[in-house]
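Each chain is listed here by its residues.
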Amino acid sequence: MAPFDGTQGRAGCAHCALPVADGARFCCTGCEAAYAAVEGLGLDAFYARRRLGDGARNLKPEEHVAFDYAGRTRIDADGNAELHLMVEGLTCAACVWLIESVYAREPDVRDARVNLSTGRLVLKWKGSADRATSLAELVARLGFKLVPFDPSCLDDAHAREEKDLLRATGVAGFAAGNVMMLSVAVWVGVDMGPATKDLLHWVSALIGLPCIFYAGLPFYRSAATALRAGRLNMDVPIAVGVTMTAAMSLSETIRGGPYAYFDAALTLLFFLLAGRYLDRRARGRARASAAHLIALSARPVTVAASDGTLRSVSADAVKAGEIVLAASGERIGVDGRVVDGVSAVDESVVTGETLPRDVAPGARVYAGMVNLGPALRIETTATGERTLLAEIVRLVEAAEHGRSRFVAIAERVTRLYAPVVHVTALATFLGWFFLAGAPWQVALLYAVATLIITCPCALGLAVPSVQTIASGRLMRGGILLKNATALERLAEIDTVVFDKTGTLTSGRPTLRDEPGRVPGDLRLAASIAASSRHPLARALCRAHPEFRAVEGVVETPGAGLEWNGIRLGSRAFCGISGEGAAVGPEIWLAEPGGRRTRFAFDDVPRADAADAVAALKARGIAVELLSGDRAEIVAAMAGQVGIATFHGGVSPAEKTARLAALAAAGRRVLMVGDGLNDAPALAAAHASLSPASGADVAQVAADAVFQGSRLGAAVELLDVAARAKILIRQNIVMSIVYNALAVPLAVLGMVTPPIAAALMSSSSIVVVANALRLSRGKETRWIR
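Residues numbered from 1 in each chain as written. Predicted model: local features only at pLDDT ≥ 70, side-chain atom pairs only at ≥ 80, totals over all residues. Heavy atoms only, no water.

### Things to note about the overall build of the chain
Line of reasoning, step 1. Helix and strand content of the chain: 27 helices and 27 strands.
Line of reasoning, step 2. Taken over 784 residues, the chain has a buried fraction of 51%.
Line of reasoning, step 3. Here the contacts in the chain between residues at least 6 apart in sequence split such that 67% fall between residues at least 24 apart. (Helix = DSSP H or I, 4+ residues; strand = E, 2+ residues; numbered from the N terminus. Buried < 20%, exposed > 50% of the residue type's maximum accessible area, 1.4 Å probe, protein only. Contact = heavy atoms within 4.5 Å.)

Have a look at this one:
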């Protein structure tokens, strides 16, 4: 039989194709057992169909999907391709591992990630869009269905699945209750004759068999799909156990035997379905916020054609450069630039700011914002998966699915599940039947209990459940995690280093009150400054909101403004000399008669900066301030917020060197910065955080991004990370303890199939409930 990836020209495990030692055929005993099990089941074609090289079997025409993969592929300037799809049929972490393992063997695939919560598959490869179809076929051969990623369908699909599970749970519970009453009558009926017992068994069969078939459909379908693709999943042993129990009970009923356990099969299904339904509900809670965000921009938009006609199209169909109309009260469906109209927009979905923002021609708007005023005409710059809203959702999903050390441990254990559980169940049957001399029916019941109780669902949920809930809680607070490995690193932080301008401060200068200033000077300066978007010009306008903008202002980029011979700008532009060195930001007003007026500005700390620093210190975390500003300004700011260790006048290289020195001293540093000069330090730190108002390069380098003006987001982030680490460890320990205690009990015959189902479902519910504790704590929204 050919190895899994024999066509790729390298030796690998005969089952999973992972690297093996020289001369070895398998990478581990688990793969060897799985290989033998598949071969024994007559599924030899499985390995031939899963060859990944040039010898792969071409799909039949009817097997090809109906939509154009290449047309949905994005190619960037560097020739990297990216495709977003939705995978139907995912049931557990093992499915995710299988898909990602297949793509890992493709030399041109740079990254492949599957999100279990949303079902999104993100494929990235080096090459042309034509490669998309062949890559998609690899997953189709495994028995999964691929469809275009459509966020608007997520809620409907998951709602249908939850409704089907709830209906099946109700049927199983109803039937189990009725059959149990009949079984109790048989058990306690000491004087009951054989004919009466046989009649009650037949009535139990008439009630139980149709309900077992219907209630077990979720497991049968999943198991059949896996077996058709030549693989095993966690539903295969459940389907086998339920089917064998029902078949044995029917056989006993036909021949008048005593071993009819329809009640056991139904109770088993009831507990399994109840556990799965609760798991879907918990996973749906964590998924809902991200799915809701992206669905906001999936509504039709109105496009204005060049001839003045209007047409309603989906947001994805809008091309860059087209003009979109946003009526009053309508949610904007594209990213773009306002070209006509003056209004206010609710941007709370995107930025978290609760106050509306005024927009005019030239202002940027994003998908998900709501137009609160008159209609706007918007020139489209991005749609669909290219919008800022879609990028936010991708950050959230990446955070849910990151590969932390705890995830790696859990996946290595669950990977060995299928071969180990079947071998254990077979050993249980053989031991009880041959060694203990038990009837084959009793031995079979104990084997079924072993099949059910050894399911590692709790371990598979131990890490993802906490990561997903942590990401959801942080996102509700306006904090976006860019990867889940950061969550683990953030839990180790013992030192926080802040940048000053734009991070510790608001980055929004305010005019300093100075005695002796003539009110008319400020009014004149604000009237001229209204023609500029410079931060200091905006600060002047805010200081005197009653200004009236004047016409005919000429702006010299990088220097200042001029109107009727009056100049407003830098010292050099206004001809100022001999006035002493500038202390902080300033702007000058120079009038024709030689009169000069100076306006000085302060960059005040964020409103909660001192409280955030105090909170970090209270948690035993050291706090430092690094800034490129002059030492005296940095010292003054450090004194205002309560930071004892500070360094001024440092370059980007010196910031990085300071972080390296702290790391060498054994410190775990969180760097919080927003500027272009902070990017190297953000990348060098153990973990990093950037405000959403920061430079793009800073946000790219950071592990997390917080929205709004509150610096307390750093405290919340560290608190959630610390709690998540504790909960993950608790979940892993509980899962291991459960299996260590439950499996021996099942093998020893001390657990029946219904009890095994209750224990297995309970373990998953306990793990998810423990993770949900993270969402029940006090939440603070830092996006005010």
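### Quick look at the environment of Val 345
Line of reasoning, step 1. As for its placement among the helices and strands, Val 345 is situated in strand 10 (residues 343–346).
Line of reasoning, step 2. Given a relative accessible area of 0%, Val 345 falls into the buried group.
Line of reasoning, step 3. Sequence separation of Val 345 and Leu 372 is 27 residues, and the distance between their C-alpha atoms is 5.3 Å.

### Quick notes on the side chain of Thr 597
Line of reasoning, step 1. Following the sequence through the fold, Thr 597 ends up in strand 22 (residues 596–602).
Line of reasoning, step 2. A polar atom in the side chain of Thr 597 sits 3.3 Å from the side chain of Asp 521.
Line of reasoning, step 3. The residues contacting Thr 597, other than those within four sequence positions of it, are Asp 521, Ile 587, Trp 588 and Leu 589. (Polar contact = N/O pair within 3.5 Å; in protein donor to acceptor, adjacent residues only side chain to side chain.)

### Overview of a nonpolar patch on the surface
Line of reasoning, step 1. A cluster of nonpolar residues, Leu 426, Leu 430, Phe 433, Phe 434, Leu 435 and Trp 440, forms a patch on the protein surface that exposes about 650 Å² of accessible area.
Line of reasoning, step 2. Residue contributions to the nonpolar patch peak at 5 residues, all from helix 13 (residues 417–435).
Line of reasoning, step 3. Assignment of secondary structure puts Leu 426 in helix 13. (Patch = residues over 30% accessible without salt bridge, like charges linked within 9 Å, V, L, I, M, F, W, Y side chains within 5 Å. Areas by Shrake-Rupley, 256 points an atom, 1.4 Å probe, with all protein chains shown as cover. Salt bridge = Lys/Arg side-chain N within 4 Å of Asp/Glu carboxyl O.)

### What about the pairing of strand 2 (residues 80–88)?
Line of reasoning, step 1. Counting buried positions along strand 2 yields 8 of 9 residues, so the element is predominantly enclosed.
Line of reasoning, step 2. Both strand 1 (residues 74–75) and strand 2 contribute to a ladder of 2 bridges, which runs antiparallel. Within the sheet, the bridge partner assigned to Ile 75 lies in strand 2 and is Ala 81.
Line of reasoning, step 3. As paired strands, strand 2 and strand 4 (residues 120–126) are joined by 7 bridges and run antiparallel to one another. Residue Asn 80 lies in a different strand from strand 4, and its bridge partner there is Lys 126.
Line of reasoning, step 4. Taken together, the 4 bridges between strand 2 and strand 5 (residues 145–148) define a ladder with antiparallel strand orientation. Residue pairing in the sheet places Leu 85 in a bridge with Pro 148 of strand 5. (Pairing = 2+ DSSP bridges.)

### Focus on the pattern of salt bridges
Line of reasoning, step 1. What the rule picks out here adds up to 19 salt bridges.
Line of reasoning, step 2. In this structure, Arg 131 and Asp 108 form a salt bridge, with 2.6 Å as the shortest nitrogen-oxygen distance. Of the two residues, Arg 131 is situated in helix 4 (residues 131–140) and Asp 108 in the loop between helix 3 (93–104) and strand 3 (109–114); the sequence distance between them amounts to 23 residues.
Line of reasoning, step 3. Salt-bridge contacts for Arg 571 lead to Glu 586; the nearest nitrogen and oxygen are separated by 2.5 Å. Within this pair, whereas Arg 571 is found in helix 20 (residues 571–574), its partner Glu 586 is found in strand 21 (residues 586–590), the two being separated by 15 residues in sequence. Taken as a pair, Arg 571 and Glu 586 share a single burial class, namely buried.
Line of reasoning, step 4. Residues participating in the shared-partner salt-bridge network are Glu 106, Asp 108 and Arg 131.

### Side note on the packing of aromatic side chains
Line of reasoning, step 1. Evaluated as defined, the whole model comprises 3 aromatic pairs.
Line of reasoning, step 2. Each ring, one from Trp 432 and one from Tyr 446, has its centre 4.6 Å from the other, and the planes form 55°; the classification is tilted. One end of the pair, Trp 432, is in helix 13; the other, Tyr 446, is in helix 14 (residues 440–453), with 14 residues separating them in the sequence.
Line of reasoning, step 3. A centroid spacing of 5.0 Å and a plane angle of 80° characterise the contact between Phe 433 and Phe 434, whose relative ring orientation is edge-to-face. (Phe/Tyr/Trp six-rings, centres within 6.5 Å; stacked < 30°, edge-to-face > 60°.)

### Structural notes on the sheet that holds strand 21
Line of reasoning, step 1. Taken together, 6 strands build an open sheet; the order of strands is 17-22-21-20-19-18 and the sheet is antiparallel. Edge positions in the open sheet fall to strand 17 (510–511) and strand 18 (554–556), since each of these has one partner strand only.
Line of reasoning, step 2. The sheet contact formed by strand 19 (residues 560–563) and strand 20 (residues 566–569) spans 4 bridges and is antiparallel. When the bridges of strand 20 are listed, Gly 560 appears paired with Gly 569.
Line of reasoning, step 3. Seen against the sheet, helix 18 (residues 519–529) touches strand 17, strand 19, strand 20, strand 21 and strand 22 and runs at an angle of roughly 80° to strand 20. (Axes fitted to C-alpha atoms, helices over the stretch in contact; angles between N-to-C directions.)

### Topic: the sheet that holds strand 23 (residues 622–626)
Line of reasoning, step 1. Reading across from one edge, 15-27-26-25-16-23-24 is the order of the 7 strands in this open sheet, with mixed pairing throughout. Of all strands in the sheet, those bounded by a partner on one side alone are strand 15 (479–481) and strand 24 (645–647). Going across the sheet, the axis of each strand differs from the next one's by a mean of 20°, ignoring polarity.
Line of reasoning, step 2. Across 4 bridges, the pairing between strand 16 (residues 495–498) and strand 23 is parallel.

### Remarks on helix 7 (residues 217–228)
Count 3.6 residues to each turn of an α-helix, and residues three or four apart come out pointing the same way.
Line of reasoning, step 1. With 12 residues, helix 7 ought to run about 16 Å at 1.5 Å a step, and its terminal C-alpha atoms sit 16 Å apart, in line with that.
Line of reasoning, step 2. Along helix 7, the positions that sit buried rather than exposed are Leu 217, Phe 219, Tyr 220, Ser 222, Ala 223 and Ala 226. (Expected span 1.5 Å × (residues − 1).)

### Considering the packing of helix 6 (residues 194–215) against helix 8 (residues 235–255)
Line of reasoning, step 1. Running from N to C, helix 6 and helix 8 cross one another at 155°; their axes reach a closest spacing of 10 Å. Here helix 8 runs roughly antiparallel to helix 6, going by the angle between their axes. In terms of crossing hand, the pair formed by helix 6 and helix 8 is left-handed. Seen from helix 6, the contacting residues are His 201, Trp 202, Leu 209 and Ile 212; seen from helix 8, they are Val 242, Ala 246, Leu 250, Thr 253 and Ile 254.
Line of reasoning, step 2. Split by residue class, the contact of helix 6 with helix 8 holds 7 nonpolar, 2 polar and no charged. (Parallel < 35°, antiparallel > 145°, perpendicular 65-115°, else oblique. Left-handed = near helix turned anticlockwise from the far one by under 90°. Nonpolar A, V, L, I, M, F, W, Y, C, P; charged D, E, K, R; others polar.)

### Some thoughts on unusual backbone geometry
Line of reasoning, step 1. Even without being a glycine, Asn 564 presents a positive backbone phi close to 50°.
Line of reasoning, step 2. The exposure class of Asn 564 is exposed, given its relative accessible area of 60%.

### Points about the confidence of the model for the chain
Line of reasoning, step 1. Taken as a whole, the chain shows an average pLDDT of 75; of its residues, 72% reach a score of 70 or greater.
Line of reasoning, step 2. Confidence drops under a pLDDT of 50 for residues 1–11, and excluding neighbours within four residues, the segment shows 33 contacts in the predicted structure. (pLDDT = per-residue confidence, 0-100.)

### So, the packing of helix 6 against helix 7
Line of reasoning, step 1. Interhelical geometry of helix 6 versus helix 7 gives an angle of 55° and a closest axis separation of 5 Å. Here helix 7 runs oblique to helix 6, going by the angle between their axes. Contacts from Ile 212, Phe 213, Tyr 214 and Ala 215 of helix 6 reach helix 7 at Leu 217, Pro 218, Phe 219 and Tyr 220.

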